[in-house]
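# Fold and geometry: a report
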Amino acid sequence: MRMEWGSEIGVVFYRWIIKLRRQPIYLFFSLIQPLVWFLLFTQAFSAIGNIPGFEQITGTSDYITFFTAAVIIQTIASSALQSGIGMVNDLDSGYLDKMKVAPIHKSSILLGKVLSDGVSIVIQVGIIIALALIVGVNIATGVAGVALILLLAMAFGIAWSGISLFVGLQTKSTETTLSVGLLTTFPLLFLSTAVMPKELLPMWVQNVATLNPISYIANAFQGLIIRGFEWGAIANAIIVIALIGVVSLGASIALFRRAVNR
Amino acid sequence: MDNIIEVKGLMKTYGDIRAVDDVSFSVRRGEIFGFLGPNGAGKSTAIKILTTLIGKDSGSAAIDGLDLETQAEEVRRIIGYASQEVGVDNDLTARENLYIQCRYYHISKEKSKQKVEELLRTVNLVDAGDRKLSTFSGGMRKRLDLATALVSDPRILFLDEPTTGLDPKNRRELWDYIRGLNRQGTTIFLTTQYMEEADQLADRLCIIDQGKIVAEGVPESLKAKMGGDTITLSFREGDPTPLTQAKEALAPVPGIKEIRECELDDVCQNGLVLTIENGSSIMPQVVRVLDARGVEVERLTLSTPTLDDVFLSLTGKTLKVHEEANGEQKGMRRRRIR
């Protein structure tokens, strides 16, 4: 039973990876915006690094280095929030019905999909990190740190994809799924500690940032990039990712199962 | 009688709409069973319930003795389903589509590879196996879809409007594949809005309209109930003489059950409609009698009843509107003699 489940997820994953290989251009679509940010924003706002206290709080006076974490998160979020689109397309084409008629677990259909999203996110984040190194960002934790960033990025991407899956399955519309992704990414990013250290944020934003899951991911990435292995922050990030994943994927699977009876 | 599908009092409502309204029928093992009806009649809803895709509100339904609700998992292992939408992945090749489909059914990697080749041969797509589906024609895609429904060697195959959107040539070709599968022992349940398709393929059928079964039986006997063939005679417009002459001449001919004048809603304007028992044997006689009297006939048409006539008599609506809208030719069984 367990083996069956594993191989089912494997097959679904295999299909999405073939699709990704056939259309690698999709990998770059969701990279455009983070790239623009990375290359322009950091130039325009490089003076932020000189704000009194910035270096004491963050450990660097180089805003690009600080901002790298935010770009990584943006990359993950904008990629993950397109996950539901593939699902809606399968729904429209009748492919999903074909899978649902086959004797496989409903959860395999969704988990195989988000795993493939995890892979494309790792590739995308890898590209961003390479670019960061090229523009002179120094990653304090070295190769091991980069590996850990990629691992966290994948896990966070899978969990975050669950949100898009849920929206896609619920609305059955690619437009809605896409706009939910676009509309939530920016406010969440700006109301977190990803673009500015917490101590320099206005009080009300600080309060929101504490509740914002993005902050915890950002803290872990910032630590790994600027300072070193801060296991407390990394543990917090893992807890937040696990919580998001359980809720988003659990809700998607429940919704998907219930849809059978409508 | 060995029934592979047993359905009793099936109900499914969406808000106020009764998509499937107290439907009962059974399908015998080894036959081709059809659901004929216009768009929105509830055919797809019924097939989605039978393939475990959606739940029913009430009633009972069993596939090969397995309850649809409590044994859905087991049901899925013995059925194949090709949806109306053609559920194949256009980013993949035909081989990849089939291979992945095999793996959904837990067929081992080795066996899956064999199965893929076997199925490609069945639907005659071996040479196109490595092409991406975006280069496939509608007919090829439909054939591949049919093949993906066969990976599990299903005991019963569900086909939801298998030829909708295909041109007549591809349609006929697909019919041959369906017949071939049936000859090898697969029971087939299909829905269609084309009376010709139901007529050509189905051993038995249900005519369904607004969620209800309005007729059930063998196509031939359903048509026979319509009271035999008709001959329609048309005469030159504005001249009442030939019509009167023909009426007199034909009255004594044996085998003509009824003679009536054309009404406004008939195809002919100035003409007669003869109801007869056996068209092809009476036809020459009618021609001889009229010729002997020197009656000038402008047009003479022999029609045998179609399933559309059955549908019309039961619902007051015609199926043909849909067929024409879909680019279908008019009733194939209508022969015309000028």
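Presented here is a report on the structure given in the accompanying data block. For clarity, every value in this text was computed on a predicted model and none was experimentally measured.

### Overview of the overall build of chain B
- Each helix and strand in chain B was counted, giving 12 helices and 15 strands.
- Overall size of chain B, expressed as C-alpha extent along the three principal axes, is 80 × 45 × 35 Å.
- Put simply, of all contacts in chain B between residues at least 6 apart along the chain, 69% involve residues at least 24 apart.
- Here chain B contributes 47 positively and 53 negatively charged side chains, and the mean placements of these two sets differ by 3 Å.

### Looking at helix H5 (residues 83-93) of chain A
- Of the residues making up H5 of chain A, those classed as buried are Ser83, Gly84, Ile85, Gly86, Met87, Val88 and Asp90 of chain A.
- Looking one or two residues beyond H5 of chain A, the residue adopting positive phi is Gly94 of chain A, at roughly 90°.

### Examining the sheet that holds strand S2 (residues 17-28) of chain B
Residue and element names in this part refer to chain B.
- Spatial ordering of the open sheet is given by S2-S1-S4-S5, a layout of four strands whose pairing is antiparallel. The open sheet has two free edges, formed respectively by S2 and strand S5 (66-67), since each of these has just one partner strand.
- Two elements, strand S1 (residues 3-14) and strand S4 (residues 58-63), share five bridges in a ladder whose sense is antiparallel. In the sheet register, Met11 faces S4, and the bridge partner there is Ser58.
- This element, helix H1 (residues 43-50), spans S1, S2 and S4 of the sheet and lies at about 120° to S1.

### As for the sheet that holds strand S7 (residues 156-160) of chain B
All names here are of chain B.
- The mixed open sheet is built from six strands, whose spatial order is S6-S7-S8-S3-S9-S10. Each end of this open sheet is capped by a strand with a single partner; those strands are strand S6 (79-82) and strand S10 (212-217). Neighbouring strand axes in the sheet, compared pairwise and without regard to direction, differ in orientation by 15° on average.
- The pairing of strand S3 (residues 32-36) with strand S9 (residues 204-209) spans four bridges and is parallel. Within the sheet, the bridge partner assigned to Phe33 lies in S9 and is Arg204.
- Contacts between helix H11 (residues 307-315) and the sheet are confined to S3, S9 and S10, with S9 contributing the most and set at about 40° to the helix.

### Let's talk about the pairing of strand S8 (residues 187-192) of chain B
All names here are of chain B.
- Of all six residues in S8, six are buried; the element is thus mostly enclosed.
- Burial along S8 is two-sided: the residues Thr187, Phe189 and Thr191 and Ile188, Leu190 and Thr192 are all buried.
- Bridge count for S3 against S8 is five bridges, and the pairing is parallel. Paired with Leu36 across the two strands is Thr192, which belongs to S8.
- As paired strands, S7 and S8 are joined by five bridges and run parallel to one another. Looking across to S8, one finds that Leu159 is bridged to Leu190.

### Focus on the interface of chain B and chain A
- With 36 residues of chain B at the contact, the number on the chain A side is 28 residues.
- Taking both sides of the interface into account, the surface hidden between chain B and chain A amounts to around 2,700 Å²; carbon and sulfur atoms contribute 55%.
- Among the residues of chain B in contact with chain A, Leu53, Tyr104 and His106 of chain B are the three that bury the most area, contributing 25% of the side total.
- Counting the contacts that link chain B with chain A gives five salt bridges.
- A salt bridge links Asp89 of chain B to Lys19 of chain A, with the shortest nitrogen-to-oxygen separation between them at 2.9 Å.

### Considerations on the nonpolar core
- If you look at the biggest cluster of nonpolar residues, it comprises 92 residues, and the most contacted ones within it are Ile5, Phe25, Leu50, Ile63, Tyr104, Phe158 and Phe189 of chain B.
- Top contributing element to this core by residue count: helix H3 (residues 94-104) of chain B, with six residues.
- Apart from the residues within four sequence positions on either side, Phe189 of chain B is in contact with Ile5, Phe25, Val27, Phe33, Phe35, Ile47, Leu50, Ile156, Leu157, Phe158 and Leu159 of chain B.
- In terms of nonpolar packing, the next biggest core, distinct from the first, is built from 53 residues, Phe66, Phe67, Ile214 and Ala218 of chain A among them.

### Examining the packing of aromatic side chains
- For the structure on display, the rule yields 18 aromatic pairs over all chains.
- Each ring, one from Trp37 of chain A and one from Phe186 of chain A, has its centre 5.2 Å from the other, and the planes form 55°; the classification is tilted. Of the two residues, Trp37 of chain A is situated in helix H2 (residues 25-44) and Phe186 of chain A in helix H9 (residues 174-190); the sequence distance between them amounts to 149 residues.
- What makes Trp37 of chain A buried here is its relative accessible area of 10%.
- Both rings, one in Phe33 of chain B and one in Phe189 of chain B, keep their centres 5.8 Å apart while their planes meet at 25°; by these two values the pair is stacked. Remark: Phe189 of chain B occurs in strand S8 and Phe33 of chain B occurs in strand S3; sequence separation between them is 156 residues.

About the criteria used
Residues numbered from 1 in each chain as written. Chains lettered and ligands numbered in written order. Predicted model: local features only at pLDDT ≥ 70, side-chain atom pairs only at ≥ 80, totals over all residues. Heavy atoms only, no water. Helix = DSSP H or I, 4+ residues; strand = E, 2+ residues; numbered from the N terminus. Contact = heavy atoms within 4.5 Å. Lys, Arg positive; Asp, Glu negative; His and termini not counted. Charge placed at Lys NZ, Arg CZ, Asp CG, Glu CD. Buried < 20%, exposed > 50% of the residue type's maximum accessible area, 1.4 Å probe, protein only. Pairing = 2+ DSSP bridges. Axes fitted to C-alpha atoms, helices over the stretch in contact; angles between N-to-C directions. Buried area = accessible area lost by both parts, 1.4 Å probe. Salt bridge = Lys/Arg side-chain N within 4 Å of Asp/Glu carboxyl O. Core = buried A, V, L, I, M, F, W, Y, C linked by side-chain atoms within 4.5 Å. Phe/Tyr/Trp six-rings, centres within 6.5 Å; stacked < 30°, edge-to-face > 60°.

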